[in-house]
Amino acid sequence: MPIQQQCTVIDKTPLGADTWWMTLSCGNMVEKTFRAPGQFVHIACPPYFLRRPISVATCQSDAPDDGLSIVFQVRGEGTRWLAQRCEGETLDVLGLLGNGFTMVPGGRYLLAGGGIGVPPLYGCAQYADGKALAVLGFRSQEQVIMADAFAGVCEGSFLCTDDGSVGFHGFVHQKVEEMLRKDNAFTAVLACGPKPMLKGVAEVAERYGVPCQVSMEERMACGVGACLGCATPMADGSMKHVCKDGPVFDASEVDWNG
């Protein structure tokens, strides 16, 4: 069961234009509710009625209080309010929510992230303990975040930009295909980002025979599966809630044309 907790902001660092790294002290939330990298928290942003779902970049269970770090981009009034919080202030947080990536000790993983979908993969990189390669995609060099963080924990880390201003000139799925063509000895491809990117990565992984898991991005209202705001179509014709059944799914489950 998720925990609703008053969490204290203990650090806030700008990562770029309107993008923030925020670390929270959160009681025993991580100890009680952590399942796997890729989960998220739901944060109240008063005076706005709906909570905002924010992916967890990394977390740890430690005395005296658990800690978790989130990375978010200002995209509306709620996240703008969140970006204005200062160290020492408290936030009403519901978490940890959802199902993360299925990983096994000693596994080798190819991580594929796009834009604000990059941060949730950082915990995966840490879990892989030096046995992960990361492909991080952004629109331009000015949008790049967390490149040094991934380089510090991965076997290798590669940047892609739509405009070619840094790294590989092209899309994430194109770089993933280039890599899998040379080496497909991965336990799985783990991907998070916009749906078109996820679809492309899923198709490439299937082509090279590598299992693929994807973290879906959808608008969420309740965060616990009580509403239909984040329902997404599955390949078998059913509908699943991104907040409760996901956000991580096996790529083969998803109806990519839905």
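See above for the structure.
Residues numbered from 1 in each chain as written. Predicted model: local features only at pLDDT ≥ 70, side-chain atom pairs only at ≥ 80, totals over all residues. Heavy atoms only, no water.

(A) Representation of the pairing of strand E5 (residues 67-73). Within E5, six of the seven residues are buried, which leaves the element mostly enclosed by the surrounding structure. In terms of strand pairing, strand E2 (residues 19-25) meets E5 through seven bridges, oriented antiparallel. The residue of E5 that forms the bridge with Trp 20 is Phe 72. Judged from the four bridges that link them, strand E4 (residues 52-60) and E5 form a sheet pairing that is antiparallel. (Buried < 20%, exposed > 50% of the residue type's maximum accessible area, 1.4 Å probe, protein only. Helix = DSSP H or I, 4+ residues; strand = E, 2+ residues; numbered from the N terminus. Pairing = 2+ DSSP bridges.)

(B) Region of the structure containing the pattern of salt bridges. Taken as a whole and judged by the stated rule, the model has seven salt bridges. Between Asp 183 and Arg 108 there is a salt bridge; the shortest N-O distance is 2.7 Å. Taken together, the residues span a long stretch of sequence, with Asp 183 in the loop between helix H5 (172-182) and strand E11 (188-192) and Arg 108 in the loop between strand E6 (90-97) and strand E7 (109-114) at a distance of 75 residues. Classification of Asp 183 as partly exposed rests on a relative accessible area of 27%. By sharing partners, the salt bridges in this structure join Arg 108, Glu 155 and Asp 183 into a single network. (Salt bridge = Lys/Arg side-chain N within 4 Å of Asp/Glu carboxyl O.)

(C) The nonpolar core, seen in detail. By size, the foremost hydrophobic cluster in this structure holds 33 residues, and its most contacted members are Leu 110 and Val 214. Of all elements in the fold, only E6, E7, strand E8 (132-138), H5, E11, helix H6 (195-207) and strand E12 (212-215) reach the threshold of two or more residues within this core. Top element by residues in this core is H6. It accounts for six residues. Core analysis: the second largest hydrophobic core is formed by 27 residues, Ala 57, Tyr 109, Ala 132 and Ala 188 among them. (Core = buried A, V, L, I, M, F, W, Y, C linked by side-chain atoms within 4.5 Å.)

(D) Here's a closer look at the sheet that holds strand E1 (residues 3-16). Strand order around the closed barrel formed by six strands is E1-E2-E5-E4-E3-E6, with antiparallel pairing between neighbours. Each neighbouring strand pair of the sheet contributes to a mean axis angle of 45°, computed without reference to strand direction. Where E1 and E6 come together, six bridges link them in antiparallel fashion. Along E6, the bridge assignment pairs Thr 8 with Thr 90. (Axes fitted to C-alpha atoms, helices over the stretch in contact; angles between N-to-C directions.)

(E) Structural detail: the packing of aromatic side chains. Overall, the coordinates contain two aromatic pairs when judged by the stated rule. With a centroid separation of 6.3 Å and an interplanar angle of 75°, the aromatic rings of Trp 21 and Tyr 122 are classed as edge-to-face. Note that Trp 21 is positioned in strand E2 and Tyr 122 in helix H3 (residues 122-128), a separation of 101 residues in sequence. Under the relative-accessibility criterion, Trp 21 is labelled buried at 17%. Arranged with centres 5.5 Å apart and planes meeting at 65°, the rings of Tyr 122 and Phe 150 form a pair that is edge-to-face. Residue Tyr 122 is located in helix H3, and its partner Phe 150 is located in helix H4 (residues 147-153); the two are separated by 28 residues in the primary sequence. Here Tyr 122 and Phe 150 have matching classes, each one buried. Put simply, the rings of Trp 21, Tyr 122 and Phe 150 touch in pairs and so form one group of aromatic residues. Stacked on the ring of Trp 20, the Lys or Arg Lys 12 has its end atom at 4.6 Å from the ring centre. (Phe/Tyr/Trp six-rings, centres within 6.5 Å; stacked < 30°, edge-to-face > 60°. Lys NZ or Arg CZ within 6 Å of the ring centre and 35° of its normal.)

By themselves, these observations are geometric and do not establish any function.
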